[in-house]
Amino acid sequence: MSLDLPRRAFEAACQGDFELQGHGFEAAEEQMRRPQLVRVGLVQNKTPLPAEAPVVEQVSALHRRIEAIVEVAAMCGVNIICFQEAWTMPFAFCTREKLPWTEFAESAEDGITTRFCQKLAKKHSMVVISPILERDRDHGDVLWNTAVVISNSGAILGKTRKNHIPRVGDFNESTYYMEGNLGHPVFQTQFGRIAVNICYGRHHPLNWLMYSINGAEIIFNPSATIGTLSESLWPIEARNAAIANHCFTCAINRVGEEHFPNEFTSGDGKKAHQDFGYFYGSSYVAAPDGSRTPGLSRNRDGLLVTELDLNLCRQMNDVWNFKMTGRYEMYARELAEAVKPNYSPPILKE
Ligand SMILES: NC(=O)NCCC(=O)O
């Protein structure tokens, strides 16, 4: 269903040269509960400056760009907004170079980006999900791929880290950070319970499952992924996760091409190159009944505003009962055995 958004929001989006779409999902009326309406905003964007520009200028240009998009989100009544993976920087992990890319890392607690997002959150009374490259000063200055979750009061609710690090194509992220160590936290906000499954985690059904087991009603999936690798999977994975877990999922991808100063190879015998490939945008929201919004553009910056009725989560749960029929104890027992070094799978032979 299309959602009516104010005319001035479309005018501002047009002036700011980004796409604006509005959609809504409905749930059945209930006698004992009022509708639980929440508006989410998904932001996809190019990096405004070339990767060669000074780090501080790139970060500042991204802050300005996001600030303008968040203004429009506020006009549209967005309650929770989520930016793309590592939104303050080019996706430089393909290069395997340390400097200057590690200079984009910031403290999740008091880095300039977190402070910037706290101001936005407070100003617009909006929950802000800010996926950044984190530098963890209290633990040996190590880096993490992190999403900071900021309450609509402006206070930091907490942070969550990318649990699965890709080892595919030019996604050389294991050079920079390790698999997250914070488990599957869920954040209770004024607008519902949310979680963040960062990019490559969307290929892991158990990762979605754990956020859902812990109570998430909306799972955001801020990503950075390219056409040749994953575009055929993109429309399916987050949508399937919404169905399987009786929750809403929000898939966000960056757009455009990013060129790096030095050539790198992909270890596939092909020529060295200076870009990652094409980030195809196409951000969308999927509902627990299997429906989904149209995607944002493949090549433009955009804001997707979607109104959800969280009552649909329990309604679908009551219809399909996946949580009730799931054999979690059995899986837990069998998985606990399967990860042991001396495990022998029960394959029965003649
Ligand atoms: N950012 C990231 O984890 N990308 C990996 C490729 C993919 O998951 O499509």
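Values in this document were obtained by computation on a predicted structure and should not be read as measured data.

Calculation notes
- Residues numbered from 1 in each chain as written.
- Predicted model: local features only at pLDDT ≥ 70, side-chain atom pairs only at ≥ 80, totals over all residues.
- Heavy atoms only, no water.
- Helix = DSSP H or I, 4+ residues; strand = E, 2+ residues; numbered from the N terminus.
- Rg over C-alpha atoms; globule rule 2.2 N^0.38 Å.
- Areas by Shrake-Rupley, 256 points an atom, 1.4 Å probe, with all protein chains shown as cover.
- Lys, Arg positive; Asp, Glu negative; His and termini not counted.
- Charge placed at Lys NZ, Arg CZ, Asp CG, Glu CD.
- UniProt positions renumbered as here; feature names shortened; annotations may be inferred.
- Patch = residues over 30% accessible without salt bridge, like charges linked within 9 Å, V, L, I, M, F, W, Y side chains within 5 Å.
- Salt bridge = Lys/Arg side-chain N within 4 Å of Asp/Glu carboxyl O.
- Near = heavy atom within 4 Å.
- Polar contact = N/O pair within 3.5 Å; in protein donor to acceptor, adjacent residues only side chain to side chain.
- Nonpolar A, V, L, I, M, F, W, Y, C, P; charged D, E, K, R; others polar.
- Pairing = 2+ DSSP bridges.
- Axes fitted to C-alpha atoms, helices over the stretch in contact; angles between N-to-C directions.
- Contact = heavy atoms within 4.5 Å.
- Parallel < 35°, antiparallel > 145°, perpendicular 65-115°, else oblique.
- Left-handed = near helix turned anticlockwise from the far one by under 90°.
- Buried < 20%, exposed > 50% of the residue type's maximum accessible area, 1.4 Å probe, protein only.

K.L.:
Where do I start with the overall build of the chain in this structure?
P.N.:
Helix and strand counts for the chain stand at nine helices and 16 strands. In terms of overall size, the chain behaves like a compact globule, its C-alpha atoms giving a radius of gyration of 20 Å where 350 residues would be expected to give roughly 20 Å. Of the roughly 16000 Å² of accessible surface on the chain, 53% is carried by carbon and sulfur atoms. For the chain, the separation between the mean place of its 35 positive charges and that of its 41 negative charges on side chains is 2 Å.

K.L.:
Even after reading the chapter, I still don't get the UniProt feature "domain: CN hydrolase" (unreviewed entry) in the chain, so can you show me in this structure?
P.N.:
Per the UniProt entry, the sites bearing "domain: CN hydrolase" (unreviewed entry) are residues 38–310 in this numbering. Helix makes up 22% of residues 38–310 and strand 29%, and the two end C-alpha atoms of the span are 7 Å apart.

K.L.:
Got a minute to help me understand a nonpolar patch on the surface in this structure?
P.N.:
On the surface, a cluster of nonpolar side chains totalling about 300 Å² of accessible area is made up of Leu-206, Tyr-331 and Leu-335. Within the secondary structure, Tyr-331 is located in helix H9 (residues 328–338).

K.L.:
What is the right way to read the site of the ligand from this model?
P.N.:
Residues in contact with the ligand amount to 14 residues; listed here are only the nearest, Glu-85, Lys-162, Arg-202, His-203 and Thr-225. Between the ligand and the protein, one listed contact pairs an oxygen atom with a side-chain N or O atom of His-203 at 2.6 Å. Taking Ala-224, its main chain carries an N or O atom lying 3.1 Å from a nitrogen atom of the ligand. Compared with its free state, where it exposes 280 Å², the ligand has 99% of that area covered by protein. Its residues assigned to classes, the shell around the ligand shows seven nonpolar, three polar and four charged.

K.L.:
Even after reading the chapter, I still don't get the sheet that holds strand S5 (residues 142–150), so can you show me in this structure?
P.N.:
Backbone hydrogen bonds are what pair the strands of a sheet, in a parallel or an antiparallel way. The seven strands lie next to each other as S1-S16-S2-S3-S4-S5-S6, forming an open sheet whose pairing is mixed. Two strands lie at the open edges of the sheet, namely strand S1 (19–24) and strand S6 (156–161), each paired on one side alone. Averaged over all neighbouring strand pairs, the angle between strand axes comes to 25 degrees, with direction disregarded. As judged from the six bridges shared by S1 and strand S16 (residues 302–309), these two strands associate in the parallel manner.

K.L.:
How should the sheet that holds strand S8 (residues 192–196) be read in this particular structure?
P.N.:
One open sheet accounts for five strands, arranged S7-S8-S9-S10-S15; its pairing is mixed. Only two strands of the sheet have a single neighbouring strand rather than two, namely strand S7 (187–189) and strand S15 (284–286). Averaged over all neighbouring strand pairs, the angle between strand axes comes to 25 degrees, with direction disregarded. Running over the sheet, helix H6 (residues 234–245) touches strand S9 (218–223), strand S10 (248–253) and S15 and is turned about 35 degrees from S15.

K.L.:
What's the story with the packing of helix H2 (residues 55–75) against helix H3 (residues 112–124) in this structure? I'm lost.
P.N.:
Two numbers describe a pair of packed helices, the interaxial angle and the distance between the axes. At a closest axis distance of 11 Å, the pairing of H2 and H3 adopts a crossing angle of 15 degrees. In terms of orientation, H2 and H3 fall into the roughly parallel class. As for how H2 packs across H3, the hand of that crossing is right-handed. Contacts from Val-59, His-63, Arg-64, Ile-66, Glu-67, Val-70, Glu-71 and Ala-74 in H2 reach Ile-112, Thr-113, Phe-116, Leu-120, Lys-123 and His-124 in H3. Broken down by class, the residue content of the contact of H2 with H3 amounts to seven nonpolar, three polar and four charged.

K.L.:
How should I be thinking about the pattern of salt bridges in this particular structure?
P.N.:
According to the stated counting rule, one finds 19 salt bridges in the structure shown. Between Glu-337 and Lys-340 there is a salt bridge; the shortest N-O distance is 2.9 Å. For Glu-337, a relative accessible area of 39% corresponds to the partly exposed category.

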